[in-house]
Amino acid sequence: MSAPTEAVTEPTAAGTPPRRGLGARLRALTEDPNPILVKELRTILRTPLFVRFLYLSTGLVALLVVGIGGGAASGSQPPAEVGQVLFQVFFSIALAILCLVAPAHAATSLTNEREIGTYESLVLTGMDPARIVWGKFLASYAVFALVLVAFSPVVGIAFLFGGTSPWHVLLGFYGLLLALGPAVALGVALSARLRSTRVSILLALLVFVPFAGFGTGMLTAFGELSQREWGTSMEGPFWFTEALATRFFEPDTFLLLGVLPLYLTAMVVWFLLASAIAGVRPAAEDRSTPFKLWALAAVSGLVVIVFGVVTLFDRHDVPEGSVGVVAFTGFAMIQLATLFANEPPLPPRLWELRQESRGRLAKLAGLFGPGAAPTARFGALIVLLATFGPALAGGLARHYVFPTHDEHAQADAALLVIAAGYAAVGLFTLMFGTWLRIVLRSGVASRVIALSTLAGLAILPFLAAVLIDPSSLQDMDDHMPLLVRLTPISPIITAVLIVDDNEVFRTLEVLVPVAFYGMLALFFWTLVEARVRNVRKLVAEQRVLREKRAEEAAAMRPSFTPPANQEAVATLAAIASGEHGEVSELRSSQPPDASSNGTTTGESSTSEPGTSDSSTGSTDTTEPASDAPKEEPSS
Amino acid sequence: MIRVEGVQHRFGAMQVLHDVWFTVPKGTVFGFIGPNGAGKTTTLRMMATLLEPDEGRILVGGYDVVERPNDVRRVLGFMPDGFGVYERVTVAEYLEFFASAHAIPLDKRKRTVEAVMELTDLGPLRERLVSAMSKGMKQRLAIARTLLHDPEVLILDEPANGLDPRARIEMRDLIEQLQQLGKTIVLSSHILTELSDMVSAVCILEKGRVLASGPVDRIGQQLRPEQKVARAVKVRLLSYPEGCDAPFRELPDVAHVERGPDGFLRIAYHGGDETVAAIVARAVGAGLKVVRVEPERDDLEQIFLEVTRGELQ
Ligand SMILES: Nc1ncnc2c1ncn2[C@@H]1O[C@H](COP(=O)(O)OP(=O)(O)OP(=O)(O)O)[C@@H](O)[C@H]1O
Ligand SMILES: [Mg+2]
């Protein structure tokens, strides 16, 4: 018995809402907001603990600001400096509290539903996992935005001393709100993938706190650089408020403090939420497309940023600088390659079912859709984009900013070498990883093996070269040993040589690693495609076999065929309704004197007149149990 | 409405379900009965698309749960075992939340929630915080939640678990009402008496195997074929004078009269309600003081005890 076919095209009654125009969608945001967001906010505002937390933490911040700030700023300092110290202390403490509490709170968002047993009900409503995840994210985010609002009066203490402006304060809060994004998104992502709230909280803190500490350290160090370069005066992690307030429209400030943090934060949040959505989606659904959209955006952003950063370089630094920046993107490329090497051989079942009834464009997109082989193809595109894109952007920027530069040729050659070398290494990582994944059937194991293979390929050739000939590495400038040429980092060495020694002819040397890794990539790609085809055939055969077996088995059980059952149901329904009718009729027709007597036989008949509970006193069937035939399946 | 065909399931090395077959006809209240660990929850979760069978297939409303889970979710309301509720929202907010999650259009949402509260008698509690409700009320709320998208099939895992007799009767009435609305309802329990007055068909599961399944009376007949001929009523009298069973023996459709263990008359008869009416008329006519007449059916508990051969508990 197959499902009715008309149901395929029938619009889902309670499923996804029909497509609407932009205006209607915007209206829906206010009229019909995300139910999870609404529910979570309601819940938290009704939690006495939260209100207490607001009071207590605000008080604590005030005390700390006065205590630490007052201590740090001794009497001899001018008031403006004291004000700045208090400002830094306030925002640092607020940041610390957010970094400790926000990931922990967000880390409970979905595990908590699992633990109290509401998660499945939520999933069964058919609500889009993306909507669930966004609801949880926004709710947690809003809660901590509220916490920041509660903290905000404390910053007034700093104002008493001067030295800061409302702009600084606003930008400081902007910084906190930016930092809050990854904090909350990380918590949500972990809670989407873990079962236990405790583990989720612990992991969120273990990952985020060091990350935040490192980030803050980097930021503070940057501040010292800024004091030298841009002449800013503030010390501490929130120095950027001053820089942004005073020189927002300078291209370097705008790019480094305006665009770059926004891009990085947005990409981190987007990635974590895509990961959370994949965690909520069942395995039979498409989990990889959110990551693909993210990768496209991230790589495009990367290209733009590389272009921008190269334009900031000094005329003298530009060849090395542009090459250095592009060389740096290699890490991103390797990460992307392993990200897309983690798909099961076949596309998710439900996605494939839906794909069958889709248009030609969707079918074309399906060539890069979920499943190992299409994802490997998509990953290949991304790797090419992530290697040649920044190289092209860096080169163009250099030509654009310094059209008459005399070292363009070397720099262009170096970029080409890096892009081609990276692309080959990236493609190899991707295809090798994909192949491992479908052979080993484990994402983690295959990733570890792929990355350690890469590390081995980077180091072992050097060791081998030294072992073979201890002096072989001494004049790499003139002849690099063949083995060393095969390491994944040899393109960088070549590029550096080209730029440093002005040896454009060396460009061709990159052909060795490109050919080596390119061939390997091609080899594993063929293996992947072939294996996927095999698996598909096998699964189809198994499916046919299974259906045949099921039908045979069904035919052997006549008692389960529909007609017999419907008959049975009809008689049964008659009996069932008849019984109840009988009892009530009989009782109302009883003589009045009889009905006044106690009729409490079952415990429940007292509370429920009109129905009798015969089951409680029903062990009176005197017939002995016989070994009559049962409807037990004969196997 | 639901077909479970040769389903097997393994948790790790443990085979939890062995070749489970049964059918739930449309409009039935179906009891899914078995001792703890029999595999009831596992089977119900498969029906609800939360778990995939290792072997075999399950159709709900004609849709395969593995291949068309989204369609199955549309026609099905599932209340999990040990269901959870959000605590710090009111009843109305709770239902509105799920109505919104079900993407019920905004203009119909209020009406739907009202209708469901009406049906489940939660109207007076609409402003009550869920955390302040009793277990029985929460159970009611959990059932109300499953009704929001007007599913054809309701699957309730252990719905009577932990309810006092009164709450259980209220629930039985609710289920009866839902059945009258044409819904197919699957209830699971490990306690027979919880279900015996609600269900008309059952599947009895033990250690992952179906011991019996089908309409209650048919199973009963198969267990006791010699009894197939008659149905019986129990007649309780105020007092049982000597020879009080004689008048009934004279009735044409009465097959057998005997005294039950605690005194009542057990009268086996052929035919339908007319015979029962005749029996009552006869009793009154003979001056016997009738206190109560109740049907004796092929009792679920008896079936259960016989089928499981005392392997329970
Ligand atoms: N997630 C799981 N992992 C491993 N084993 C499980 C899991 N869920 C259930 N089991 C096992 O499967 C068997 C059947 O469990 P199931 O919950 O379906 O029984 P049940 O009939 O619902 O019992 P109860 O009346 O206690 O609810 C049990 O032995 C149980 O230990
Ligand atoms: Mg159970």
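Okay, so let's go over this structure. (Residues numbered from 1 in each chain as written. Chains lettered and ligands numbered in written order. Predicted model: local features only at pLDDT ≥ 70, side-chain atom pairs only at ≥ 80, totals over all residues. Heavy atoms only, no water.)

## Focus: the site of ligand 1
All names here are of chain B. As a reminder, the rule being used: The near set for a molecule or strand comprises every residue that places at least one heavy atom within 4 Å of it. As used in this structure description, the phrase polar contact means that two N or O atoms lie within 3.5 Å; if the pair is within protein, one of them must be able to donate a hydrogen and the other to accept it, and residues adjacent in sequence are counted only when both atoms belong to side chains. Per-residue and other accessible areas follow the Shrake-Rupley method at a 1.4 Å probe size, with only the shown protein chains counted as cover for residues. For helices the rule is a DSSP run of H or I covering at least 4 residues; for strands it is a run of E covering at least 2, with both sets numbered from the N terminus onward. Side-chain classes are defined by residue name, with Ala, Val, Leu, Ile, Met, Phe, Trp, Tyr, Cys and Pro counting as nonpolar, Asp, Glu, Lys and Arg as charged, and the others, Gly among them, as polar.
The immediate surroundings of ligand 1 are formed by 13 residues, with Asn36, Gly37, Lys40, Thr41 and Thr42 found nearest. Interatomic distance of 3.2 Å between a backbone N/O atom of alanine 38 and an oxygen atom of ligand 1. At 2.5 Å from an oxygen atom of ligand 1 is found a side-chain nitrogen or oxygen belonging to threonine 42. Surface burial for ligand 1 is 61%, taken as the share of its 620 Å² of free accessible area covered by protein chains. At the level of elements, strand S2 (14-24) and helix H1 (40-47) are the ones that each hand at least two residues to the shell around ligand 1. Here the shell around ligand 1 gets three residues from one element, more than from any other, and that element is H1. A per-class count over the shell around ligand 1 returns five nonpolar, five polar and three charged.

## Digging into unusual backbone geometry
Residues and elements named next belong to chain B. Applied cut-off: Accessibility here uses a 1.4 Å probe with only protein chains present; expressed as a share of the type maximum, an area under 20% marks a residue as buried, one over 50% as exposed, and anything in between as partly exposed.
The backbone phi angle of threonine 49 is positive, close to 65°, even though this residue is not glycine. As for its position among the elements, threonine 49 is in the loop between H1 and strand S4 (55-60). Of the residues examined, threonine 49 reaches a relative accessible area of 11% and is grouped as buried. Phi is positive for glutamate 158, close to 50°, though the residue is something other than glycine. By secondary structure assignment, the location of glutamate 158 is in the loop between strand S7 (153-156) and helix H6 (165-180).

## Brief notes about the packing of aromatic side chains
Threshold: In summary, the pairing rule links any two rings of Phe, Tyr or Trp, Trp by its six-membered ring, whose centres are within 6.5 Å, and it sorts them by plane angle into stacked for under 30 degrees, edge-to-face for over 60 and tilted for everything else. Comment: the charge-over-ring label is applied if NZ (Lys) or CZ (Arg) is within 6 Å of the ring centre and within 35 degrees of the ring normal.
If you walk through the whole model with that rule in mind, you get 31 aromatic pairs over all chains. Plain terms: the ring middles of A:Phe208 and A:Phe211 are 5.8 Å apart, the flat faces sit at 50° to each other, and that makes the pair tilted. In this pair, A:Phe208 and A:Phe211 both sit in helix H11 (residues 197-230), three residues apart, roughly one turn of the helix. Plain terms: the ring middles of A:Phe340 and A:Phe378 are 5.3 Å apart, the flat faces sit at 70° to each other, and that makes the pair edge-to-face. A residue pair is termed long-range when its members are at least 10 positions apart, and A:Phe340 in the loop between helix H15 (318-339) and helix H16 (349-356) and A:Phe378 in helix H18 (residues 372-401) qualify at 38 residues. For the pair A:Phe340 and A:Phe378, a shared accessibility class is recorded, and that class is buried. These aromatic residues form a ring-pair network of at least three members: A:Phe87, A:Phe90, A:Phe91, A:Phe173, A:Phe238, A:Trp239 and A:Phe240. The ring of B:Phe97 carries A:Lys39 above its face, with NZ or CZ at 5.2 Å from the centroid.

## What to know about the pattern of salt bridges
Where charged atoms from two side chains of opposite charge approach closely, those side chains can pair. Put simply, the rule is: What makes a salt bridge here is a side-chain nitrogen of Lys or Arg within 4 Å of a carboxyl oxygen of Asp or Glu, nothing more.
Inspection of every chain in the model, using the stated rule, returns 37 salt bridges over all chains. For A:Arg349, the salt bridge goes to B:Glu52, with nearest N and O atoms at 2.9 Å. Remark: B:Glu52 occurs in the loop between H1 and S4 and A:Arg349 occurs in helix H16; the pair is interchain, linking two chains. Note on A:Arg349: relative accessible area 27%, which makes it partly exposed. Overall, B:Glu52 belongs to the partly exposed group, its relative accessible area being 40%.

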